[in-house]
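# Structural description and commentary
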Amino acid sequence: MEVHRVVPLDRKQEGETARVPETYSKQRNLELRQKHIGPSCKVFFNKDPIKISHARGQYMYDDNGEEYLDCINNVAHVGHSHPDVVKAGSKQMEVLNTNSRFLHDNLIRYAERLTATLPEKLSVCYFVNSGSEANDLALRIARQYRGHTDIITLDHAYHGHLTSLIDISPYKFHQLGENSQKDFVHVTPSPDVYRGRYKEDHPDPASAYANEVQDIIEKAVKKGRKVNMMPARSRTSCVKGYTFSELGASCDCITHCILRALVLQAYMRTGHHCFLQEFAVQTTVEGWSS
């Protein structure tokens, strides 16, 4: 099988980037944004937003040519404006840009190369164009497969902009006021040993946080409910022992269905696979974001 590897771009090897002509001043840009862009579309550094002109490698540049090391974006994982990526994208645009309802070799080639990196059981792909679409589809598949709707989600979690995902994202629904949490959504503490309920001085913080999940499950069962899934990242915490393997060993429902969000972990390439490792679960729905 033909495999192409893209080497991350080193800006110092490529030389300084050229300045890009600006259509609007920063102030004019901000005024037009406030006029034409919805107010819920927030900007970074609200008091003094940065007007980014262009990017190269691991660096971004503002309208004054100031260089910033990019530690925010999570999709340009081989560097911004990488020539190999630009070339490949341009080449494909010259040939074909359509949907997957037609047969085309590239769709299958990509699926083959992707699934070759996964455990054998993870062999079917649904390609989507955003994290929100991926997570919504994973949620629908899990509900169809399990026949239940109840969700366990981490406090402060954010899963996407769609209504179905705002419903299971405490980061979002807590902003909507009291009684905004749906009855099928159960929030468990985020495993944080610095600011969380069980800190690093706890004798076994991983088990303590896992027990919170088990407690939610038991309370739900007593009410006649059944937990459908738990959306979280594969390595959801730096708390040693708090992974899906350990959760699966201690929490009955976690052996059913887990949505693993891979926005960040996939790009860090942790473990033997790009999504960390294989876990002791019966059914796993992968939510890729790009």
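Source: prediction; values computed, not measured.

## Focus: the overall build of the protein chain
- Summing up its helical and strand segments, the protein chain has 10 helices and 8 strands in all.
- Here the protein chain, with 290 residues, has 37% of them falling under the buried criterion.
- By sequence separation, contacts in the protein chain at least 24 residues apart represent 61% of the contacts at least 6 residues apart.
- Of the roughly 19,000 Å² that the protein chain leaves accessible, carbon and sulfur atoms contribute 51%.

## Let's talk about unusual backbone geometry
- In this structure, serine 81 is a non-glycine residue whose phi angle is positive, near 55°.
- Topologically, serine 81 is positioned in the loop between strand 3 (67-69) and helix 3 (83-95).
- One non-glycine residue with positive phi stands out, namely histidine 156, at about 75°.
- For histidine 156, the location among the structural elements is in the loop between strand 4 (150-154) and helix 6 (163-166).
- Overall, histidine 156 belongs to the exposed group, its relative accessible area being 60%.

## Some remarks on the nonpolar core
- In this structure, Ile152, Leu154, Ala157, Val213, Ile216, Ile217, Ala220, Val227, Met230 and Ala232 together form the largest nonpolar core, which totals 10 residues.
- Looking at this core, the elements with two or more residues in it are strand 4, helix 8 (205-222) and strand 6 (227-233).
- In this structure, Leu139, Ala142, Ile151 and Phe173 belong to the second largest nonpolar core, which totals 9 residues.

## Regarding the packing of aromatic side chains
- One pass over the full model with this rule turns up 4 aromatic pairs.
- Taking the centre distance of 6.0 Å and the plane angle of 70° together, the rings of tyrosine 158 and tyrosine 171 count as edge-to-face. Taken together, the residues span a long stretch of sequence, with tyrosine 158 in the loop between strand 4 and helix 6 and tyrosine 171 in helix 7 (residues 170-173) at a distance of 13 residues.
- Overall, the relative accessible area of 46% leaves tyrosine 171 in the partly exposed class.

## Description of a nonpolar patch on the surface
- On the surface, Phe44, Phe45, Ile50, Ile52 and Ile72 cluster together into a nonpolar patch covering about 470 Å² of accessible area.
- Counting through the fold element by element, phenylalanine 45 comes out in the loop between helix 2 (26-36) and strand 1 (52-56).

## Some details on the sheet that holds strand 1
- Spatially, 1-2-3 is the arrangement adopted by the 3 strands of the open sheet, whose pairing is antiparallel. A single partner strand is all that each edge strand has here, and the edge strands are strand 1 and strand 3. The mean inter-strand angle of the sheet, taken between neighbouring strand axes irrespective of direction, is 30°.
- Pairing geometry for strand 1 and strand 2 (residues 59-62), over 4 bridges, is antiparallel. Paired with histidine 54 across the strands is tyrosine 61, a residue of strand 2.

## Quick notes on the environment of glutamate 200
- Position of glutamate 200 among the secondary structure elements: in the loop between strand 5 (185-188) and helix 8.
- Residues in contact with glutamate 200, not counting those within four places in the same chain, are Val193 and Tyr194.

## Comments concerning the confidence of the model for the protein chain
- Averaged over every residue, the pLDDT of the protein chain is 79; residues scoring 70 or more account for 73%.
- At the low end of the mean pLDDT range in the protein chain sits strand 8 (residues 283-287), at 41; at the high end sits helix 2, at 95.
- Confidence over residues 1-7 falls short of pLDDT 50; this stretch has 11 contacts with residues more than four positions distant or in other chains.

## Let's talk about the pairing of strand 2
- Here strand 2 shows no split at all, with Tyr59 and Tyr61 on one side and Met60 and Asp62 on the other all buried.
- In textbook terms, the turn of a hairpin is the stretch between consecutive antiparallel strands, and for strand 1 and strand 2 this stretch comprises 2 residues, one of which, glycine 57, has a positive phi near 60°.
- Bridge count between strand 2 and strand 3: 3 bridges; the pairing is antiparallel. Note on strand 3: the bridge partner recorded for tyrosine 61 is glutamate 67.
- Count of turn residues in the strand 2/strand 3 antiparallel hairpin: 4 residues, of which glycine 65 carries a positive phi of about 85°.

## Comments concerning the environment of leucine 154
- Along the polypeptide, leucine 154 turns up in strand 4.
- By relative accessible area, leucine 154 is classed as buried at 8%.

## Focus: the side chain of histidine 80
- Here histidine 80 shows up in the loop between strand 3 and helix 3.
- Here histidine 80 falls in the buried class, since its relative accessible area comes to 14%.
- A polar side-chain atom of histidine 80 sits 2.6 Å from a polar atom in the side chain of aspartate 70.

Cut-offs and rules
- Residues numbered from 1 in each chain as written.
- Predicted model: local features only at pLDDT ≥ 70, side-chain atom pairs only at ≥ 80, totals over all residues.
- Heavy atoms only, no water.
- Helix = DSSP H or I, 4+ residues; strand = E, 2+ residues; numbered from the N terminus.
- Buried < 20%, exposed > 50% of the residue type's maximum accessible area, 1.4 Å probe, protein only.
- Contact = heavy atoms within 4.5 Å.
- Areas by Shrake-Rupley, 256 points an atom, 1.4 Å probe, with all protein chains shown as cover.
- Core = buried A, V, L, I, M, F, W, Y, C linked by side-chain atoms within 4.5 Å.
- Phe/Tyr/Trp six-rings, centres within 6.5 Å; stacked < 30°, edge-to-face > 60°.
- Patch = residues over 30% accessible without salt bridge, like charges linked within 9 Å, V, L, I, M, F, W, Y side chains within 5 Å.
- Salt bridge = Lys/Arg side-chain N within 4 Å of Asp/Glu carboxyl O.
- Pairing = 2+ DSSP bridges.
- Axes fitted to C-alpha atoms, helices over the stretch in contact; angles between N-to-C directions.
- pLDDT = per-residue confidence, 0-100.
- Polar contact = N/O pair within 3.5 Å; in protein donor to acceptor, adjacent residues only side chain to side chain.

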